[in-house]
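Structural characterization, general
So the chains spell out like this:
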Amino acid sequence: MSKQWSRTAILLLALLLAVGGAVWFWRQYPRRFLQAGKAALQARRYGEAREQFQQYLASRPNDAHAHLLAARACRWLREYYDAYEHLRRCREAGYQGEAVELEAALIAVQRGEEPTPALRQRAEQDDELALLALEVLIQYDLDTYQLHQALQGLTRYLEARPDDLQARLARGFVWERFLYFADAVEDYRQAVASHPNSERARLKLGETLLLAGTPQDALEQFDWLNKRYPERPEVRLGLARCRRRLGQLEEAKQLLDALANDQPNDGEILWERGQLELDRGNAAAAEPWFRKAATARPYDRRMAYSLSRCLLSLGKNEEAEKWTARVAELDADLKKMDQIRLAVMKRPEDAALRCEGGLLLLKNGEQQEGIRWLKLALRLDPTCAEARSALDRLAK
Amino acid sequence: MRSLSFILGFLVLLGGVAASVYFLRPTPPLEQPDLGGLAPEPLGPPLFEDITARSGVNFTYQNGERTANHLAILESLGGGAGLIDYDGDGLLDIFLPGGGDYTGPDLKEIVGLPCKLYRNLGGGKFEDVTVTVGLDKLADGKPWFYTHGCAVADYDRDGWPDLLVTGWGRVALFRNVAVDPNDPKKGRRFLDVTDQAGLGSGILWSTSAAFGDLDGDGYPDIYICQYVDWSWKKHPACSYDGKIPDVCPPKSFDGLPHKVYRNTGQGSFVDVSKEANLRSGGPTASKGLGVLIIDLDGDGKPDIYVANDTVDNFLYLNRSKPGEIRFEERGQISGVALDDRGTPNGSMGLDAGDPERTGKPNLWVTNYENELHGLYRNDSKPGMAFFHFRTAAAGIAAIGQLFVGWGTAFVDADLDGWEDLVVTNGHAIRYPTGKNSSRKQRPVLLMNHQGKFRDASPRLGTYYDTPRLGRGLAAGDLDNDGRVDLVLSNMNEPAAVLRGIGGQDQHWLGVELVGKQHACVVGARVVLEADGQRQTRFAKGGGSYCSASDRRMNFGLGKAQPGRLIVHWPDGSQQQFTGLSPDRYYRLVQGQESAEPISAKK
């Protein structure tokens, strides 16, 4: 009897354990998605984050916090409808408070609304929500060419998260825009130190060292990249540039010949190849390279300048003069654009300035940047006819 | 037992799979082989010895920042150094501009500090003779102005070198005169003749200056660089990181027009800048820091190359006639206004040499950080000045773009017959951004290996060990041993004297050109044949940065003996000299058949 009782007790206990285990599993299993989503969000893999949150929310549809996180992921993916929907569900689930309101404000800014002074002030506090706000404000400032403001934001952000690769690279980019290459090199160096396997960081460091360091230091980065990404044209071009700067002309030639074969319409490669011929003292051989480079990049004054010099040295003075005139034309536009950029930093609300800049960028082949400027002009002044007609023309 | 065997078997299988995965993993690519090219310069013995401490030269150029923190662009230029054998004893003496300071209730009164002249006593010793020679004050006992540079030439053709000093608001011309015309033993002194010479007005901010006979009358004319239109009324606040105030860049100011003065031959100069077709100043033009006068197109007439800061460099081709100075500016078209990307650089120092032994003067320009220094190979054809940017091809780009380069010179430091390059560096702004960018920088020595340069900076000796705020550099043979020595002027730090000690077992030949009746020889060209090789040197005016170097020419010979020496005088005449012995200086006087050996003091 007692044996039967004990068997029954063991069975019941096993059953209880099984049920408990099932309940625990049912409760815990979706959390894996939540955790994975959080990790992906942290790592700025927004698509993956959104997927993970959706999986989690499929079994936990009323988890307000998960909706808030999903809204963040959708915001960064520029899926604003979904972002708002998640925020709505978040509020419905009873989650109220600053984080939700802040998220709504951030969505608005990402959609192009001017950040409110309150939001800027909030971003100056010392907590996680402030960093969230700062991220969006930095992006806004970069998009609207408020580089001083972006720089300040990035510096604050990096004080809190010194190992953030994205922020480190972004600040390097801003330094480059200001032509402060030494600072850019420093940020890229730190990016490589904290993320030694980041090819983006290595590439930026290598490229900037070629502008503001030594070719030997740049070569170290390009060698690392070449071992892992030997087919990437930018890596091969960087290597060739290092070799040329080091006076290793034959090695540079081998690299550039192979590159030009694979990328016959890449203006940068063609220009470098032409320069190499000039280094070798062969202007006649440089000419076809510069011609191709100027065709590939018709708005690049460097290409036009080198072609005009090359033609002059070959005694083709008449054609050289045409290219010299082209350089002067491009110079005038560049000078004007510089003035506009400086003015925009002082008068960010000036729609006419944005429009003028956008049109000038379009004229010089920078279509994406031009469109962005024109759209900004329209946002600042919806009646801006020139911007509207230019965008209409492009759409057609 | 069976289950134990099963588990063991499973573990063995798992191990096998793991081992396979490990051994069959993709093999990482082999190390990229070194592709060769220019090998690094092998370490060799020092080529220079810092003798400052025992030389008796103890002088510091001051820029005023110790007194007031104005962060004025005036403070960024520093000063040069000049070599002048003022007393004709065959030993080069050293002139050092003193700079200036601030005074007055708001510390905005700009005052000069005395310059110094150190007489060369021989044996590497110098004595301060500033007061004795009358250089402690200007005419009528007036104090010095805020000085930057100097230039040396015999402007009155009396056989004695005179001195021009540049700086803020004016220049000063000093005539080298006898202390007692009746007693040459009493030595020489300087007389401030600025006003009498017609140079007392018209200058706002002069930097480098150069002498050269531009109109072919034998008398050296003057080119004076002017920098930018800065004053306390035009003194904006600037910052490079948005927080820390700093010295404004030259882009914040309009460039000042440069000046060219014609030597009348009567002891005075006339401003002919306008008639000479000099470019005007403005926001994007003419921010001059360096000037070099040399015949670049081989027509015998000295041309002018000007280093401008952040804007196009000028190349003035000489189209003058006797008594009439005319130029045609051809910087852009000839390819020396911009770098190889077509961009103007922040250019400071200049020199010309023949590093590839083409027989034509190549131009060399030191530039700002993030820019390559420019080596322009002279590929001019008759009637067309044309240059190719050769920095990368010559291996010079290998030093990178880390330096703010100022004073510079071609010197054959190891007497191998190939001209090397030396550059003194130091930042222009007070607080350079970026951790790797410091205000004080080390100098650079580039050794020439048959036209290809390699960085050999540590061979500058102990002077290389300490970064400094380098500015001026004058090159010359202070001890007449055939090895060129260097005098370096630093900002707010003592000037330095480096003795050339390279090429101890090599031969050399030194040449001093003397024009007919002391006519200016700038524009002359000297070709030395030795051992089947030809070396060419050029008679130059100006060069480096705010400095005046030795105008004698030195040829390193290696193990060879000197062969024929051919002088192409600026008037088109030619002379040949043979039978020259190595390891000594010769005076070559225009029209005299034989070369005069000079028994040089050491």
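First, a word on scope: everything that follows refers to the structure included in this document. (Residues numbered from 1 in each chain as written. Chains lettered and ligands numbered in written order. Predicted model: local features only at pLDDT ≥ 70, side-chain atom pairs only at ≥ 80, totals over all residues. Heavy atoms only, no water.)

**Examining helix H10 (residues 181–194) of chain A**
Count 3.6 residues to each turn of an α-helix, and residues three or four apart come out pointing the same way. All names here are of chain A. The test is simple: For helices the rule is a DSSP run of H or I covering at least 4 residues; for strands it is a run of E covering at least 2, with both sets numbered from the N terminus onward. One fewer than the residue count of a helix, multiplied by 1.5 Å, yields its expected span. Only protein chains enter the area calculation, which uses a 1.4 Å probe; residues under 20% of their type maximum are buried, those over 50% are exposed, and those in between are partly exposed.
Between the first and last C-alpha of H10 there are 20 Å, a value that for 14 residues agrees with the 20 Å anticipated at 1.5 Å per step. Within H10, 10 of the 14 residues are buried, leaving the element largely enclosed by the surrounding structure. Those residues of H10 lying buried are Phe181, Ala182, Asp183, Ala184, Val185, Glu186, Asp187, Tyr188, Ala191 and Val192.

**Remarks on the interface of chain B and chain A**
The cut-off we apply is this: Contacts were defined at the residue level, with two residues in contact if any of their heavy atoms lie within 4.5 Å. Values labelled buried area give the accessible surface lost by two parts on being combined, using a 1.4 Å probe and summing over both. We count a salt bridge whenever a side-chain nitrogen from Lys or Arg sits within 4 Å of a carboxyl oxygen from Asp or Glu. What qualifies as a polar contact is a pair of N or O atoms within 3.5 Å, subject to a donor-acceptor requirement within protein and to the restriction that residues adjacent in sequence count only when both atoms come from side chains.
Each side of the interface is counted separately: chain B has 47 residues, and chain A has 38 residues. Summed over both partners, the interface of chain B with chain A buries about 3,500 Å², with 48% contributed by carbon and sulfur atoms. Remark: the boundary between chain B and chain A carries one salt bridge. With a shortest N-O distance of 3.9 Å, arginine 244 of chain A and aspartate 340 of chain B are connected by a salt bridge. There are 13 residue pairs in polar contact (both at pLDDT 80 or more) connecting chain B and chain A. Elements represented by at least two residues in the side of chain B that touches chain A include exactly helix H3 (331–334) and strand E25 (387–389) of chain B.

**Brief notes about the sheet that holds strand E13 (residues 221–226) of chain B**
Residue and element names in this part refer to chain B. To keep it simple, the criterion reads: Between any two strands, at least two bridges found by DSSP are needed for them to pair. Interaxial angles span 0 to 180 degrees and are taken between N-to-C directions of axes, which are lines fitted to C-alpha atoms, for helices over the stretch in contact.
Read across the open sheet, the four strands follow the order E12-E13-E16-E17; overall the sheet is antiparallel. One side of each edge strand has no neighbouring strand; the edge strands of this open sheet are strand E12 (206–212) and strand E17 (269–271). Direction aside, the axes of adjacent strands within the sheet are offset by 25° on average. Examined bridge by bridge, E12 and E13 share five bridges and lie antiparallel to one another. Bridging across to E13, alanine 210 finds its partner in tyrosine 223.

**Brief notes about the pattern of salt bridges**
Residue and element names in this part refer to chain A. A complete count under the given rule lists 79 salt bridges over all chains for this structure. For glutamate 98, the salt bridge identified is with arginine 122, shortest N-O distance 2.3 Å. Of the two residues, glutamate 98 is situated in helix H5 (residues 98–110) and arginine 122 in helix H6 (residues 117–123); the sequence distance between them amounts to 24 residues. On the basis of relative accessible area, arginine 122 is assigned to the buried category, the value being 9%. Notably, a salt bridge pairs arginine 347 with aspartate 350, separated by 3.2 Å at the nearest N-O pair. Judged by relative accessible area, which is 23%, aspartate 350 ranks as partly exposed.

**Re the packing of aromatic side chains**
Test applied: Pairing of aromatic side chains requires ring centres within 6.5 Å, counting the rings of Phe and Tyr and the six-membered ring of Trp. Pairs whose planes differ by under 30 degrees are stacked, by over 60 edge-to-face, and all others tilted. Sitting over a ring, as applied to charges here, requires NZ of Lys or CZ of Arg to be within 6 Å of the ring centre and within 35 degrees of the ring normal.
For the structure shown, the criterion picks out 20 aromatic pairs over all chains. Its end group placed over the ring of tyrosine 229 of chain A, arginine 232 of chain A keeps NZ or CZ at 5.4 Å from the ring centre. The ring of tryptophan 160 of chain B carries arginine 188 of chain B above its face, with NZ or CZ at 3.7 Å from the centroid.

**A few points about the environment of threonine 343 of chain B**
Relative to the elements of secondary structure, threonine 343 of chain B occurs in the loop between H3 and strand E22 (350–353). A sequence separation of 211 residues divides threonine 343 of chain B from asparagine 554 of chain B, and the C-alpha atoms of the two residues are 34 Å apart. Leaving out residues up to four positions away in the same chain, threonine 343 of chain B has contacts with Arg301 of chain A together with Leu338 of chain B.

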